[in-house]
Amino acid sequence: MFRLAHLTDPHVGPLARPRLRQLFSKRATGYANWRRGRSRSHDMEVLAALVADMRAQSPDHVACTGDLCNIGLPSEWETARVFLEALGTPESVSFVPGNHDAYVRGSLDGLLGTCGPWTADDAGRRGCFPYLRRRGPVALVGLSSAIPTKPFAASGRLGEAQLAAAEALLVALGSEPERPCRVVMIHHPPHPGGAVAGRELKDAAAFTAMIGRAGAELILHGHNHVGSVAHVPGPGGLRVPVVGGPSASARAGTHADLPARRAAYYLYAFTCEGGRHRITATSRGLNGSGLIEDLGPLDLAGA
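So, here's what we can say about the structure. Worth saying up front: this structure is predicted, and the values here are computed from it rather than measured.

Strand order in the open sheet formed by six strands is E3-E2-E1-E10-E11-E12, with mixed pairing between adjacent strands. In the strand order of this sheet, the two ends are held by strand E3 (93–95) and strand E12 (292–297), each with one partner. Sheet twist, expressed as the mean angle between neighbouring strand axes with direction ignored, is 25°. Helix-sheet contacts for helix H3 (residues 74–87) involve strand E1 (2–7), strand E2 (61–64) and E3, and the interaxial angle to E3 is about 145°.

See below:
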């Protein structure tokens, strides 16, 4: 059995006060939103407790699907690196960026320059997407949907080149005699209707069409700050589960009182039975009393 933990959208704080010149951009509205409420929605004590619980479960690998940063300040890049180190070594943790990591032009390059080891593929190339990491029976394919956007927008895009490279990679993996369990990591919900207008993946339809041709066994994402399970068609009528995680730092209170929005992470177990991969999943996170516990299984099959 191979066990993979998935957490997302930690929005690591605290956020240092920006310099005035750093606010002559989209950061001005982002910083105002942080001061008005986002800073109180993301609790670093909750995040620390969640990470400690996850480490106690001793997963074989950790997947983090973006939004380490808040407004893409250079001071946040080192904070992000420290957070990833708390999750584990670059060999045991795989990271893909989110829209807050690419908040303004240059932000993503700066973050990847600092946190590149957690995006290195099996050949050692850093910050190149898609990337491939083989871990046990699992082949992790990391995609970047992170792009800078205008104020009040949080959309993402993969682009034709990344989509074509991802398809070639997934097809090649699926053609191997002992096919690995292909797990795709992306920040934005990758299926049409997965996010509201202005927050959506612009080429979601192209992504789902690609999965329909190439196939995958599991797709992980974040962005919506809510736990969810959807499905997209794979080859031969198979249904590929698409699982979104809540923010790993969402504190109790306000909208996080809804169970699907409380801070949590997911723990997947991969086994091979009769030459076919079997995936089960459980959720661990805040209960109604603010304590971290086993929240029960995820239904990956769906209706």
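Here we take up the pattern of salt bridges. Scanning all chains against the criterion turns up ten salt bridges. The shortest N-O distance in the salt bridge between Asp-122 and Arg-135 comes to 3.4 Å. Taken as a pair, Asp-122 in the loop between helix H4 (107–115) and strand E4 (131–135) and Arg-135 in strand E4 lie far apart in primary sequence, 13 residues in all. On the accessibility criterion, Asp-122 (43% relative accessible area) is partly exposed.

A separate point is the packing of helix H2 (residues 44–56) against H3. Direction vectors running N to C along H2 and H3 enclose 30°, while the axes themselves pass 10 Å from each other. When the interaxial angle is binned, H2 and H3 end up roughly parallel. Only Phe-83, Glu-85, Ala-86 and Leu-87 of H3 make contact with H2, whose side of the interface consists of Leu-47, Val-51, Met-54 and Arg-55. Tallied by class, the residues present in the contact of H2 with H3 amount to six nonpolar, no polar and two charged.

As a further point, take the side chain of Asp-121. On the secondary structure map, Asp-121 appears in the loop between H4 and E4. Given a relative accessible area of 12%, Asp-121 falls into the buried group.

The buried fraction of strand E9 (residues 239–244) is high, at five of six residues. With three bridges connecting them, strand E7 (residues 218–221) and E9 associate as parallel partners. Its bridge partner being in E9, Ile-219 is matched across the sheet by Val-242. The turn linking strand E8 (residues 228–233) back onto E9 is made up of five residues, and Gly-236 within it adopts a positive phi angle of 65°.

Rules of the game
Within any chain, residue numbers begin from 1 and follow the written order of that chain's sequence. Only residues with pLDDT of at least 70 are given local features in this predicted model, and only at 80 or more are side-chain atom pairs given and counted; all residues enter the totals for whole chains, interfaces and linings. Side-chain measures were taken over the full set of non-hydrogen atoms in the model, leaving aside hydrogen atoms and water. Paired strands are those between which DSSP finds at least two bridges. Working definition: helices are DSSP H or I runs of at least four residues, strands are E runs of at least two. Numbering for both runs from the N terminus. The axes are straight lines fitted to the C-alpha atoms, using for helices just the contacting stretch, and the angles between their N-to-C directions are given from 0 to 180°. Two residues form a contact once any of their heavy atoms are found within 4.5 Å. A pairing counts as a salt bridge when a side-chain nitrogen of Lys or Arg comes within 4 Å of a carboxyl oxygen of Asp or Glu. Only protein chains enter the accessibility calculation, which uses a 1.4 Å probe; a residue whose area is less than 20% of its type maximum is buried, one above 50% is exposed, and one in between is partly exposed. Here roughly perpendicular refers to angles of 65 to 115 degrees, roughly parallel to angles under 35, roughly antiparallel to angles over 145, and oblique to all remaining angles. Following the grouping adopted for this structure description, the nonpolar residues are Ala, Val, Leu, Ile, Met, Phe, Trp, Tyr, Cys and Pro, the charged ones are Asp, Glu, Lys and Arg, and the polar ones are all others, Gly among them.

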